Amino acid sequence: MLGALDNFYAHWRVQSGVVPFLREDEVSPPERLLQSIWQHQRLLRDQLQTLDGVAVRVLHPGFHSLEGGPDFRGAVLQFGDANATTGDIEVDLRASGWRAHRHDRNPAFAKVILHVIWEGELRNQSIAEPPVLILHGVLDAPLGELSLWLGGETAQIFPEELRGKCCAPLRHLSAARLLDLLHQAAHVRLRNKAAQFQARAHQVGWEQALWEGLFRALGYKHNIWPMQRLAELRELWAEPAEVLATQARLLGLSGLLPADLTRSRSGIDNYLRRVWDQWWRDRDALSGNILPRMVWRLHGLRPANHPHRRLALAANWAVTIKINAALESWCTRELTDRELAASLHQTMQVVDDTFWSWHWTLNSARLGREQPLLGATRVTDLAVNVVLPWLWIRAVEGRNESIQRRLEHRYFHWPAGQDNSVLRLARERLLGGASKRALPDAAAQQGLIQIIRDFCDHSNAICDRCKLPEMINEFASAEFKPELRQQL
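Report on the accompanying structure. (Residues numbered from 1 in each chain as written. Predicted model: local features only at pLDDT ≥ 70, side-chain atom pairs only at ≥ 80, totals over all residues. Heavy atoms only, no water.)

What follows concerns the nonpolar core. Counting 77 residues, the largest nonpolar core has L214, F215, W317, L344, M348 and W414 as its most contacted members. If you tally residues by element for this core, the top one is helix α16 (residues 376–397), at twelve residues. Beyond its immediate stretch of four places on either side in the chain, M348 contacts L214, L313, W317, I321, I323, L327, L374, L382 and V387. (Core = buried A, V, L, I, M, F, W, Y, C linked by side-chain atoms within 4.5 Å. Buried < 20%, exposed > 50% of the residue type's maximum accessible area, 1.4 Å probe, protein only. Helix = DSSP H or I, 4+ residues; strand = E, 2+ residues; numbered from the N terminus. Contact = heavy atoms within 4.5 Å.)

What follows is the structure in C-alpha cells.
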C-alpha cells in the first residue's frame, strides 16, 4: 500500500508542476537540476574525469552562489596526482556555453577551475579555458529519479557533509553561550572598524574619515571603491550651499550623468536640465577628476541601491542635515533600546527631495508613491559599520568613558539587520542551518561575520588547518579565556 501511495504522490507532484519529470532519453535536464546534482554530489565520484582523461577528486564541491558569476565558489578539487586546488565551478548544459555566455571574457570567471557540463565532445580548447567534466554517464541514479528528488526536502537542505568542522562543537553550545561567543567576536569587529577610522582620521581629520565611511557604505559591496574615491574628492563637491548644486557636482564627478537631455518625461527633463545647468559651469575645471563610467557596476543592482540615488542622499546629508554635527548630537541623546534604530533613521533621513523622493534613477519613470531616500533596513548597516565605530573611537580618544559605555550599549542592543547571503551561508555552514532567530541582534550578526573573516576566509571549504573548532571546544569546556578573546 505504501508503495502505491508513493507512486500516486510522485505522479501528483509531476502533474502539478511541483517538479519536472525527465525521461532517460530526453536531450538535457534543466540547469537547476545539474546544479543540485553537483552540490549534493549525486555522482559516481570514483569515476569522475575530465574530457582529456584526468581523474577528478572532489574534496568539496563549493558553495552555491546566487549573486552572479560562477555557480559555485570555493570548491576544492584534486586533478590526477596533483595537489588539491581551490577555485570556482561553472555548470552549463554544454561546453559551448563557456564562450556563448561570454565567460571567457568575464573577469568574474577567472578563478573557475572546472567547467561542469551535461554532455559534450572533444574539441579544441583554449589554454585559458578550464578543464571540462561531463556528468552524463556518472550519475548515481537515473535522471528521472533525480528529477523527482530535486523537488524533495533533502535536495533543498544544505548537505551535512559540506558544513564546517566547527559546526559540531557550535551545536553543543547553549543559546546563551553561543550569543556570548558571537558578542565577543562582535566586540573585536567594533574595535577593528574603529581602528580604521582612527588611522584615517589621523591623516585627514575626523569629519573626512566619517564621509569616507559613509560613502563606502552607500556603495555596498559592488561600488565601494568608486564611492570611496568620490568621498576623497569632497573638497570639490562640498563647497556649494545648495542641494541641487552639490548633487550636480557629485553626479558629474561620478561620470554617471547622462549627456542626452531629449527625454519624453518632462519631470526628468526639468531636473536633468537644472543639473546640467549647474554642471556646465564646473565641468571643465573638474574634468581631470571625473571617474570613468567603467568603474561602476550597475548590472543587477536593486533600484534603491543605484549610485544616482545614493549620491543624491549624500548631497542632502552634506547640505541640509549637516551629518557630522547631527550624529554628534544624536550620540548625546538619552534613548531607550527600542528607540535606537528609529532615532538614527530620523536623524539621517531626508524629509523630502522633490525629484529623488519620486524616482529611483535619473532615467526612471515617476514612482506611484513617494519612497524615502534612506530605508529603515539600511540604517542598521550604517550604524554598526560606520556611525557607532566612528563615534566610539572618538570617545576613546577623548577619554570620555561615559559616552564610550553608552555607545557600546547601543552597539550590543541594536536590533538585528536584514539577512543577507553571507549570513545565510554562515548559518548553514557554521550553525547547522539555524534560523535567523539564532542571531537576535545586530551584534550577533556582526560577530558571525567576524568569525567568517577571521577563520573561514583564511582556510578553505574543507577547513584545512583551521583552529576555530579547537577554540570553540576550549570555550565550551571553560570560561572564555582573555587570550582566546584576543584571537577572535
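Mapped onto the secondary structure, S364 falls in the loop between α15 (340–348) and α16. A distance of 3.1 Å separates a polar atom in the side chain of S364 from the backbone nitrogen of W360. Within polar-contact distance, the side chain of S364 engages the backbone nitrogen of T361 at 3.0 Å. (Polar contact = N/O pair within 3.5 Å; in protein donor to acceptor, adjacent residues only side chain to side chain.)

This paragraph deals with the packing of helix α11 (residues 243–254) against helix α13 (residues 307–321). The N-to-C vectors of α11 and α13 enclose an angle of 140°; their axes lie 9 Å apart at closest approach. With respect to their mutual orientation, α11 and α13 come out oblique. Crossing hand, α11 versus α13: right-handed. When α11 is examined against α13, the residues V243, T246, Q247, L250, L251 and S254 are found in contact with a partner set consisting of H308, L311, A312, A314, A315, N316, V319 and T320. Partitioning the contact of α11 with α13 into residue classes produces eight nonpolar, six polar and no charged. (Axes fitted to C-alpha atoms, helices over the stretch in contact; angles between N-to-C directions. Parallel < 35°, antiparallel > 145°, perpendicular 65-115°, else oblique. Left-handed = near helix turned anticlockwise from the far one by under 90°. Nonpolar A, V, L, I, M, F, W, Y, C, P; charged D, E, K, R; others polar.)

Where helix α7 (residues 175–204) contacts helix α19 (residues 442–454), the two axes come as close as 7 Å, and the packing angle between them is 75°. The angle between α7 and α19 falls in the class roughly perpendicular. Here α7 contributes L179, L182, H183, A185, A186, V188, R189, N192 and K193 to the contact with α19, which in turn contributes A443, A444, Q446, G447, L448, I449, Q450, I451 and R453. For the contact of α7 with α19, the residue count by class is ten nonpolar, five polar and three charged.

One non-glycine residue with positive phi stands out, namely Q41, at about 55°. Considering the arrangement of structural elements, one finds Q41 in the loop between α2 (31–40) and β1 (56–60). Under the relative-accessibility criterion, Q41 is labelled buried at 9%. Positioned with a positive phi, R465 is a non-glycine residue whose angle comes to about 60°. By the element assignment, R465 lies in the loop between α19 and α20 (468–477). You can call R465 exposed: its relative accessible area is 73%.

The element strand β3 (residues 72–79) is extensively covered by neighbouring structure, given that six of its eight residues are classed as buried. Bridging between β1 and β3 involves four bridges; their strand directions are antiparallel. Pairing of V58 across the sheet is with L77, part of β3. With four bridges connecting them, β3 and strand β4 (residues 85–94) associate as antiparallel partners. The partner of L77 across the bridge, within β4, is T85. Counted along the chain from β3 to the antiparallel partner β4, the turn is five residues long, and its residue G80 has a positive phi close to 60°. (Pairing = 2+ DSSP bridges.)

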